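As a plain string of letters, each chain reads:
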Amino acid sequence: MADTHATTRPRTNAARICTIVAFVFAALAVFMSPVIFGLLGVILGVVGAVLGDKPLGWYAAAASVAGAVLGMILSAVILNA
């Protein structure tokens, strides 16, 4: 028998799909509309992590925050140049 805790959830396909889409939104946040895609990426990353795709879901949420911040900095530099 596998030694699992009662609080851990098994990873589902929906969790992996949410995590992958969150990483895609993190990349899109750098180039297009960082606020919208960053927020959606964070939401999907957290949903993926809660559904059982740990720690990759949390990494996707963090990547979405980083992508949104980088996208805002990049757009500020381009608009003020």
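The rules behind these values
Residues numbered from 1 in each chain as written. Predicted model: local features only at pLDDT ≥ 70, side-chain atom pairs only at ≥ 80, totals over all residues. Heavy atoms only, no water. Helix = DSSP H or I, 4+ residues; strand = E, 2+ residues; numbered from the N terminus. Phe/Tyr/Trp six-rings, centres within 6.5 Å; stacked < 30°, edge-to-face > 60°. Expected span 1.5 Å × (residues − 1). Buried < 20%, exposed > 50% of the residue type's maximum accessible area, 1.4 Å probe, protein only. Contact = heavy atoms within 4.5 Å.

Trainee: For this particular structure, what's the right way to read unusual backbone geometry?
Mentor: The bulk of non-glycine residues show a negative phi, and the bulk of peptide bonds are trans. Along the chain, Lys54 connects to Pro55 via a cis peptide bond; the corresponding omega equals -10 degrees. Tracing the chain through its elements places Pro55 in the loop between α2 (34-50) and α3 (56-80). Even without being a glycine, Ser33 presents a positive backbone phi close to 40 degrees. Topologically, Ser33 is positioned in the loop between α1 (13-31) and α2.

Trainee: Looking at this structure, how should I read the packing of aromatic side chains?
Mentor: Remark: the centre distance and the inter-plane angle together describe each pair of aromatic rings, the angle taken between the planes. Scanning the model with the defined rule gives 1 aromatic pair in all. Measuring from ring centre to ring centre gives 5.4 Å for Phe25 and Phe37, while their planes differ by 50 degrees; the resulting arrangement is tilted. Pair noted here: Phe25 is in helix α1 and Phe37 is in helix α2, with a separation of 12 residues, a long-range link.

Trainee: Is there a simple way to think about α3 in this case?
Mentor: One full turn of an α-helix is made of 3.6 residues, so residues set three or four places apart face in the same direction. End to end, α3 covers 36 Å across 25 residues, agreeing with the expected 36 Å (1.5 Å per residue, within 8%). Listing the buried residues of α3 in full gives Gly57, Ala60, Ala61, Ser64, Gly67, Ala68 and Gly71. Close packing links the buried residues of α3 with α1 and α2.

Trainee: I would appreciate a short explanation of the side chain of Ser64 in the present structure.
Mentor: Checked against the element boundaries, Ser64 lands in helix α3. Here Ser64 falls in the buried class, since its relative accessible area comes to 0%.

Trainee: I keep staring at the environment of Leu70 and nothing clicks. Help me out?
Mentor: Here Leu70 shows up in helix α3. The class of Leu70 is partly exposed, set by a relative accessible area of 48%. Along the primary structure Leu70 and Val30 are separated by 40 residues, whereas in three dimensions their C-alpha atoms are 5.9 Å apart.

Trainee: Sorry if this is basic, but what is going on with the environment of Leu44 here?
Mentor: Its place among the elements puts Leu44 in helix α2. Residues Leu44 and Ala22, spaced 22 residues apart in sequence, show a C-alpha to C-alpha distance of 5.4 Å. Contact partners of Leu44, with chain neighbours within four places excluded, come to Cys18, Val21, Ala22 and Phe25.

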